[in-house]
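# Observations on the model geometry
Each chain, letter by letter, is given below.
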Amino acid sequence: MNTPIDFAAPPMRILMISSEASPFAKVGGLADAVPALAAELARLGHDVRLVIPRYADTDRDNAEPIAGPLGIRMARGEYWTEILESCLPREEQTLPVRVYMIEHLELFGRDAIYARPGGSESGEDLLRFGLLCRAAFQLCRKLNWYPDVMHAHDWPAALVPIYLKTVENIRPFDETAGVFSIHNLGYQGVFPLEALRHLPLNPGEVERVGLEYFGRVNTLKAGILCAELVTTVSPSYAREIQQPEHGFGLDGVLRERSSDLFGILNGIDVTLWSPENDELIPARFDAEDLRGKSECKAALQKRYHLPAHADVPLIGMITRLVDQKGIAELVGPGYGCLPHLLREHDLQFVILGTGDPHYEQGLAELADRHPNMVYERMFDEQLAHLIEAASDFFLMPSRYEPCGLNQMYSLRYGTLPIATATGGLRDSIVDADDPSGNGTGFFLDSSNPSGIQHGVERAIATYHGEPAKLDAMRRRGMRQDFSWRHASREYERVYLRALQLRMRQ
Ligand code: ADP
């Protein structure tokens, strides 16, 4: 895998399957990564297409139905779906990335991307995403377009490599390689065994592909076992998930596939996330001229009636409010470190996020008590850009982080990350005190409350005590290349290797 970057792969037909893809449907980073990778591969000359479900609030304005309904055979009969075709926005001279949306009102026509509480226990999501995966094959037949590689993302698409080794291990799919990407091992698609009744697999096939795990269905595990090759979203995370601490019970399965597991750091979509041409922020800036960044900070302070002090450190955070992101360590009653930081330091703290109701409530109560804290309980892309541009620091105290996108957005916007040294955070940030002198952020000693507190205090001390060092760190981070260019080349090599393995089966 050490081929030089100018290596050029022959053009391939690549079909990506995902439950999320911006701008159609987004919960987290998966939605950003999938279309950005697809677009970059298209730029390299590959014919890349994407299959996603069409949810109730997926915009269908620019989507055209393709002729006739598509019947998808599952265990309990046929499901009739409509297919809408759209395209990812693209640069001139790049091949279009066609996006096919599978429409089935009963199964996908709801607001939530994933099942309502209790939905997964009823096995409903296994049917929904089992159908999505089967539809991907049926769609290829309808289009008479057969991919060299089917690239499945996270557990909702794990049935793709599983079908490739069972019901779809037939012409013309017997030469199609399955590549499976783990974006977050914490979500495995686990269901009661009865839910298998939805899938078009017989008991022998279920056993052969290893779908059962400790008396339950585990789609992620079987996807890992069936794919020709498995990738995850950073080299450090690829190592961590093979250890019990971060393996979520699958570290043994991942060790079994160790030689077929590749960690490739995600890129970011620099057409959307670049301060020099970002239309969503009030002023633009770059590493040569940071005046626009100060304007953005002033605009955010004004919007939230925070004192308009240029020299008070502003810390931003944009996150799903779940345990993984270290929210308990910030606001857990009695032990979270955020109240102490807000009380003891002259800082401003702005957090945007939705998620677990008890975290939402904890943050809202804290913001009520502390005038130097703002909490926005909403999902707002534009505000996310403003926070990235306006903040001096960006806090990511994650317990684990497969890749993380916000630290890379932050680095581009001259906003220094304060983050746990884990997964993709470890791979994209260099600590301020690193002997190389190439610091771009601040690692926490640990992700527990005292580790977060010390990390924030170290960053504030540098802000006030060593402004030249801080300024150099900002500019160093802004000049780094976080585009998908490098990652897309690595995925090309993975696809070629997966194809060789498929031919040999
Ligand atoms: P994860 O995928 O675990 O949620 P990432 O850092 O990889 O974490 O990606 C999160 C993405 O979702 C980023 O693009 C982030 O800006 C965005 N995001 C999360 N919450 C919100 C929100 N409330 N409003 C706007 N964007 C959000």
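Think of each chain on its own: its residues are numbered from 1, step by step along the sequence as written. In view of the model being predicted, local features appear only for residues whose pLDDT reaches at least 70, and side-chain atom pairs are presented and counted only at 80 or more, with totals across whole chains, interfaces and linings using the full set of residues. For side-chain calculations, the full set of non-hydrogen atoms in the structure is used, while hydrogens and water are omitted.

Moving on to the domain arrangement of the protein. Where each domain begins and ends is defined by an automated method or by a domain database. Taken domain by domain, the protein comprises domain 1 (13-267 + 485-504) and domain 2 (291-478). Centre-to-centre, using C-alpha coordinates, domain 1 lies 33 Å away from domain 2. Whether two residues are in contact is decided by their heavy atoms, any of which lying within 4.5 Å being enough. Domain 1 puts 19 residues into the contact, and the matching count from domain 2 is 19 residues. Once two parts are joined, some of their accessible surface, as seen by a 1.4 Å probe, is lost; buried area is that loss totalled over both. Approximately 1400 Å² of surface area, both sides summed, lies buried where domain 1 meets domain 2, with 57% of it carried by carbon and sulfur atoms. For the domain 1 face of the interface with domain 2, the top three residues by lost area are Lys 26, Ser 236 and Leu 265, together amounting to 25%. A side-chain nitrogen of Lys or Arg and a carboxyl oxygen of Asp or Glu constitute a salt bridge if their distance falls within 4 Å. At the surface where domain 1 touches domain 2, the tally comes to one salt bridge. Between Glu 381 and Lys 26 there is a salt bridge, with the nearest N and O atoms lying 3.9 Å from each other.

Before going further, it helps to spend a moment on the pattern of salt bridges. Throughout the structure, instances matching the rule amount to 30 salt bridges. Ionic contacts of the salt-bridge type, sharing partners, join the residues Asp 431, Asp 433, Arg 458 and Lys 469 into one network.

A word on the nonpolar core. The term nonpolar core refers to a set of buried residues drawn from Ala, Val, Leu, Ile, Met, Phe, Trp, Tyr and Cys, joined through side-chain atoms within 4.5 Å. Relative accessibility decides the category of a residue: with a 1.4 Å probe and only protein chains considered, values under 20% of the type maximum give buried, values over 50% give exposed, and everything between is partly exposed. The biggest cluster of nonpolar side chains holds 65 residues, and the ones touching the most others in it are Met 150, Leu 199, Leu 211 and Ile 224. Numbering of helices and strands runs from the N terminus, with a helix taken as a DSSP run of H or I at least four residues long and a strand as a DSSP run of E at least two residues long. Top contributing element to this core by residue count: helix α3 (residues 124-143), with 11 residues. Leave out the neighbours within four places in its chain, and Met 150 touches Leu 15, Ile 17, Ala 136, Phe 137, Val 160, Leu 164, Phe 173, Thr 176, Ala 177, Gly 178 and Val 179. Judged by nonpolar contacts, the second largest core, of 37 residues, contains Tyr 304, Leu 352, Ala 419 and Leu 425.

It is worth spelling out the state of the cysteines at this point. Disulfides are defined as pairs of cysteine sulfur atoms found within 2.5 Å of each other. If you walk through the whole model with that rule in mind, you get zero disulfides. In this structure Cys 133 is a free cysteine whose sulfur lies 12 Å from that of Cys 226, the closest cysteine sulfur available.

Side chains that are three or four residues apart share a direction in an α-helix, a result of its 3.6 residues per turn. An ideal rise of 1.5 Å per residue puts 18 Å on 13 residues; helix α12 (residues 357-369) measures up with 19 Å between its terminal C-alpha atoms. Tucked into the core, α12 has its buried residues touching β14 (314-321), α10 (327-331), α11 (338-344), β15 (348-355) and β16 (373-376). Between the first and last residue of a helix there are one fewer steps than residues, each counted as 1.5 Å, and that sum is the expected span.

What follows deals with the side chain of Asn 406. For Asn 406, the position within the fold is in helix α14 (residues 406-412). Apart from the residues within four sequence positions on either side, Asn 406 is in contact with Ile 318, Glu 388, Phe 394 and Met 396.

In the vicinity of the ligand, 18 residues are found, and the nearest of them are Gly 29, Asp 32, Arg 320, Lys 325 and Met 378. Any pair of N or O atoms that falls within 3.5 Å is considered a polar contact. Within protein, one atom must be able to donate a hydrogen and the other to accept it, and sequence-neighbouring residues count only if both atoms are side-chain atoms. Here Leu 405 contributes a backbone N or O atom positioned 3.1 Å from an oxygen atom of the ligand. For the ligand, whose unbound accessible area comes to 560 Å², protein coverage reaches 93%. The set of elements that each furnish at least two residues to the shell around the ligand consists of α1 (29-43), β14, β15 and α14. Among the elements that make up the shell around the ligand, the one with the highest residue count is β14 (three residues). Under the scheme applied, nonpolar residues are Ala, Val, Leu, Ile, Met, Phe, Trp, Tyr, Cys and Pro; charged residues are Asp, Glu, Lys and Arg; polar residues are all the others, including Gly. Tallied by class, residues from the shell around the ligand come to seven nonpolar, six polar and five charged. No fewer than three residues from each of domain 1 (13-267 + 485-504) and domain 2 (291-478) sit in the shell around the ligand. For this purpose, a residue is taken to be near a molecule or strand whenever a single non-hydrogen atom of the residue falls within 4 Å of it. Each accessible area value is a Shrake-Rupley result obtained with a 1.4 Å probe; residue values ignore everything except the protein chains displayed when judging cover.

Glancing now at the packing of aromatic side chains. Centres within 6.5 Å make a pair out of two Phe, Tyr or Trp rings, where for Trp the six-membered ring is used; the pair is then stacked when the planes are under 30 degrees apart, edge-to-face when over 60, and tilted otherwise. By the definition in use, this model includes 17 aromatic pairs. With a centroid separation of 5.5 Å and an interplanar angle of 75°, the aromatic rings of Tyr 146 and Phe 173 are classed as edge-to-face. With a gap of 27 residues between them, Tyr 146 in the loop between α3 and β7 (149-153) and Phe 173 in the loop between α4 (159-164) and β8 (177-182) connect regions that are remote in the sequence. Accessibility expressed as a relative area gives 22% for Tyr 146, which makes it partly exposed.

To continue, consider unusual backbone geometry. The amide bond that connects Ser 22 to the next residue, Pro 23, takes the cis arrangement and shows omega of 0°. Looking at the element boundaries, Pro 23 is found in the loop between β1 (13-17) and α1. Arg 171 connects to Pro 172 through a cis peptide bond whose omega is -5°. Take Pro 172: it is sitting in the loop between α4 and β8. Of note in the backbone geometry, Asn 144 takes a positive phi value of approximately 55° without being a glycine. You can see Asn 144 is positioned in the loop between α3 and β7. In this structure Asn 144 comes out as exposed when scored by relative accessible area, which is 59%.

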